[in-house]
Amino acid sequence: MKKILLLPLLLVSLASCSQDSPTAFTPETLAAKMTSVDGKELTFKEVLEKHKGKVVVIDVWASWCPDCKKGMPKVHDLQKQFPNVDYVFLSYDRYDDKWKQGIESFGTKGDNYHVGTNMKKGAFSEGIKLDWIPRYMVVDKNGKIALFKAIEADDKKLIATLKKLQ
């Protein structure tokens, strides 16, 4: 009898854990290295520090990604709707030249960094539980994660989060 009662509690506990949205980046995620357009290597923590005191939308994307390409007009609309927000674009392009061409052709206005070539491996992708791109996150003025995951730039939760943080 006890085993039967514990099973539903265990299932509810596991389900609630899997839906938790972190409010802070792990030390491993913050230590993840990325490269700026001018070739400078920075940690993700250093990237976030550049935007200290600002609301930040993080867009994880790649120029080869069909959904990322289709989503860019929505990102531009988001930038028009929330011009006081900082935008950080983190790319998983396979080649630097393709990444830089993508910045140009898709007009990613904001800070641009190349995270790596494989979105399934590495401290950053593992730290944010990256399973799809594009991926949008919102960081508040205090550096806390306000929205952990959205896959559309016009996601209602994303818009509501930005309105709340203005």
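Residues numbered from 1 in each chain as written. Predicted model: local features only at pLDDT ≥ 70, side-chain atom pairs only at ≥ 80, totals over all residues. Heavy atoms only, no water.

### Some words on the pattern of salt bridges
Where we set the bar: Every case where a carboxyl oxygen of Asp or Glu lies within 4 Å of a side-chain nitrogen of Lys or Arg is listed as a salt bridge. Strands are runs of DSSP state E lasting at least 2 residues, helices are runs of H or I lasting at least 4, and numbering of each runs from the N terminus. For the exposure calls, accessible area comes from a 1.4 Å probe over protein chains only, and a residue counts as buried if that area is under 20% of its type's maximum, exposed if over 50%, partly exposed in between.
Going through the model one piece at a time under the given rule, you end up with 6 salt bridges. The closest approach of N and O atoms between K54 and D86, which form a salt bridge, is 3.8 Å. Residue K54 is found in the loop between helix 3 (44–49) and strand 3 (56–61), and its partner D86 is found in strand 4 (residues 86–91); the two are separated by 32 residues along the sequence. Residue D86 is classed as buried on the basis of its relative accessible area, which comes to 17%. Note that K74 is salt-bridged to E152, the shortest N-O span being 2.6 Å.

### What to know about the side chain of S36
For clarity, the threshold we go by: Under this definition, polar contacts are N or O atom pairs within 3.5 Å; protein pairs additionally need one hydrogen-donor-capable and one acceptor-capable atom, and for neighbouring residues in sequence, both atoms have to be side-chain atoms. Contact definition: two residues touch when any of their heavy atoms are within 4.5 Å.
Topologically, S36 is positioned in strand 1 (residues 33–36). S36 gets classed as buried once you look at its relative accessible area, which sits at 10%. Within the local environment of S36, its side chain forms a polar contact with the side chain of D38, the two groups lying 2.2 Å apart. Once residues within four sequence positions are removed from consideration, S36 is found in contact with L42, W99, N112 and Y113.

### Quick look at the confidence of the model for the protein chain
For clarity, the cut-off: The quantity called pLDDT is the predictor's confidence in a given residue, expressed from 0 to 100.
Of all residues in the protein chain, 88% attain a pLDDT of 70 or more, and the chain-wide mean is 90. Here residues 4–19 scores under 50 on pLDDT; set against residues more than four positions off or in separate chains, the count is 0 contacts.

### Overview of the sheet that holds strand 4
Our working rule: At least two DSSP bridges between two strands are required for those strands to pair. All axes here are fitted lines through C-alpha atoms, helices being fitted over the stretch that makes contact, and every angle between N-to-C directions spans 0 to 180 degrees.
Here we have 7 strands laid out as an open sheet, ordered 2-1-5-4-3-6-7, and mixed in their pairing. Taken across any chain shown, the strands that pair with only one partner, and hence form the sheet edges, are strand 2 (41–43) and strand 7 (145–150). Averaged over all pairs of adjacent strands, the angle between their axes in this sheet comes to 30°, without regard to strand direction. Alignment of strand 6 (residues 135–139) against strand 7, held across 3 bridges, turns out to be antiparallel. Among the inter-strand pairings, V139 is bridged to a residue of strand 7, identified as I145. Strand contacts of helix 7 (residues 156–165): strand 3, strand 6 and strand 7, with the helix running at about 165° to strand 7, the strand carrying the most contacts.

### Concerning the environment of T35
With respect to the element layout, T35 can be found in strand 1. When the C-alpha atoms of T35 and D96 are compared, they prove to be 9.6 Å apart, with 61 residues separating the residues in sequence. With near-sequence residues (within four places) excluded, T35 lies in contact with K40, E41, W99, N112, Y113 and H114.

### Focus: helix 5 (residues 96–106)
Inclusion rule: This arc is taken over the directions from the axis of the helix to the C-beta atoms.
Where helix 5 is concerned, the buried positions are W99, G102 and I103. For helix 5, the angular spread of buried residues about the axis comes to 100°, placing them on one side. Residues E104 and S105 are exposed on helix 5 and point more than 90 degrees away from its buried face. Packed against the buried residues of helix 5 are strand 1, strand 3, strand 4 and strand 5 (111–114). Phi turns positive, to about 60°, at G107, one or two residues after helix 5.

### Digging into the nonpolar core
We apply this condition: Residues belong to a common nonpolar core when they are buried Ala, Val, Leu, Ile, Met, Phe, Trp, Tyr or Cys residues joined through side-chain atoms within 4.5 Å.
Membership of the largest hydrophobic core comes to 48 residues, with the highest contact counts inside it found for F25, F44, I58, V60, L90, F124 and L162. Those elements that place two or more of their residues in this core are helix 3, strand 3, helix 4 (66–81), strand 4, helix 5, strand 6, strand 7 and helix 7. The element that contributes the greatest number of residues to this core is strand 3, accounting for 5 residues. Beyond its immediate stretch of four places on either side in the chain, F44 contacts F25, T29, L30, A32, M34, I58, L90 and F124.

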